[in-house]
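# Structure assessment
So the chains spell out like this:
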Amino acid sequence: MNDAFTVELLTPAIGAEIDGLDLSQPIPAPVLGELRSVWLDRKALIFRGQRLTPGEHLAFSTLFAEIDKYPFLNGIDGYPMIAPILKLPEERVNFGGMWHSDTCYLEAPAAGAVLHALELPPLGGDTLFANMALAWETLPTDLANQVEGLRVVCSSAKKGISKTREARLNESRDESSPEAFVSVHPVVRTHPESGEKILYVNEAHAVHFEGQDEAASEPLLQKLYAHQRLPEFQCRIQWSEGAVLMWDNRSTHHYPVNDYHGHRRLLHRISLKGDVPF
């Protein structure tokens, strides 16, 4: 069991569907090494038809990195490291509903995440991913010259992204978390495993460039955001019940689509511990 798997690419830029693995069972070291290589290369992987207990979800995730607690939210009962990502039928705002890279407001942002789909709407609720290594590689020379060497101040309290958390924080806030996290990171980071250069700035959390105010920073930031959202950098992943989705948070942005009002959607999320960007 789990002695091989197949890879179906989702787009030329990013994403793959992996078949042939039962994530509830052990994965031999050679196969795990191959899977990690595919993860680093394709950046977002989906495994369909999985039925994982919380313990199995944790066991699979720990094969890739140490587990880290997601800020702000309490975990599910008995599993403090598994955060529920929930939208209720009466809610109009979805959690994290804008283009972003997770927890870049921390000194050591998440290396990635592993989500397990438990309850889904009959249609909608897809997640978009974009390849930020490709975004940097294709950035026009004039913009690249302006940003290389800059650092960006990132905050968890930026208005747009804060609004997407309000419903969950009202019912399940982790009171041990501060009101806001702020960190400063390079606009162009180097991936610690692949060596890729990555355009590491996102509209949900970037506030201003270090040494500049918000007004001075905004024109250049908007040009970067527009470039990062180009469709040729993206894939769109359609969820199915039981699916497990994992992504490399260091080299991607993602966007959960909010098009399923009137329906309940529940995912369990595990965060993978990252390192300080350089």
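Before going into details, it helps to say that this report is about the structure given with it. (Residues numbered from 1 in each chain as written. Predicted model: local features only at pLDDT ≥ 70, side-chain atom pairs only at ≥ 80, totals over all residues. Heavy atoms only, no water.)

## Remarks on the sheet that holds strand β15 (residues 252-256)
Across the sheet, which stays open at both edges, the 3 strands sit in the order β13-β7-β15 with antiparallel pairing between neighbours. Edge positions in the sheet fall to β13 (234-237) and β15, since each of these pairs with one other strand and no more. When strand polarity is set aside, the average angle formed by the axes of neighbouring strands in this sheet is 20°. (Pairing = 2+ DSSP bridges. Helix = DSSP H or I, 4+ residues; strand = E, 2+ residues; numbered from the N terminus. Axes fitted to C-alpha atoms, helices over the stretch in contact; angles between N-to-C directions.)

## Here we look at the environment of V184
Mapped onto the elements of the fold, V184 is located in strand β9 (residues 182-186). Remark: the alpha-carbon pair of V184 and T11, spanning 173 residues in sequence, is separated by 32 Å. Ignoring anything within four residues of it in the chain, the contact list for V184 reads R151, V152, V153 and E210. (Contact = heavy atoms within 4.5 Å.)

## Some details on the pattern of salt bridges
Across all of its chains, the model carries 11 salt bridges by this definition. Here the salt bridges do not stand alone but share partners, grouping R36, E193, D248 and R250 into one network. (Salt bridge = Lys/Arg side-chain N within 4 Å of Asp/Glu carboxyl O.)

## Brief notes about the side chain of S271
By the element assignment, S271 lies in strand β16 (residues 265-272). Classification of S271 by relative accessible area gives buried; the value is 4%. When near neighbours in sequence (up to four residues on either side) are disregarded, S271 contacts E66, I67, D68, A110 and G112. (Buried < 20%, exposed > 50% of the residue type's maximum accessible area, 1.4 Å probe, protein only.)

## A few points about helix α6 (residues 214-228)
Under the 1.5 Å per step criterion, the end-to-end length of α6 is 20 Å for 15 residues, consistent within 8% with the ideal 21 Å. The largest bend along α6 measures about 30° and falls at L220. Listed in full, the buried residues belonging to α6 are S217, L220, L221, L224, Y225, H227 and Q228. The N-terminus of α6 is capped by D213, whose side-chain oxygen sits 3.3 Å from the backbone nitrogen of A215. (Expected span 1.5 Å × (residues − 1). Bend = angle between axes of the 7 residues up to and from the residue. Polar contact = N/O pair within 3.5 Å; in protein donor to acceptor, adjacent residues only side chain to side chain.)

## Structural notes on the environment of Q50
Note that Q50 resides in the loop between β3 (44-47) and α2 (54-61). Considering only alpha carbons, one finds Q50 and D68, 18 residues apart in sequence, at a separation of 22 Å. The contact partners of Q50, leaving out residues within four places of it in the chain, are L21, D22, L23, S24, H116, G242, A243 and V244.

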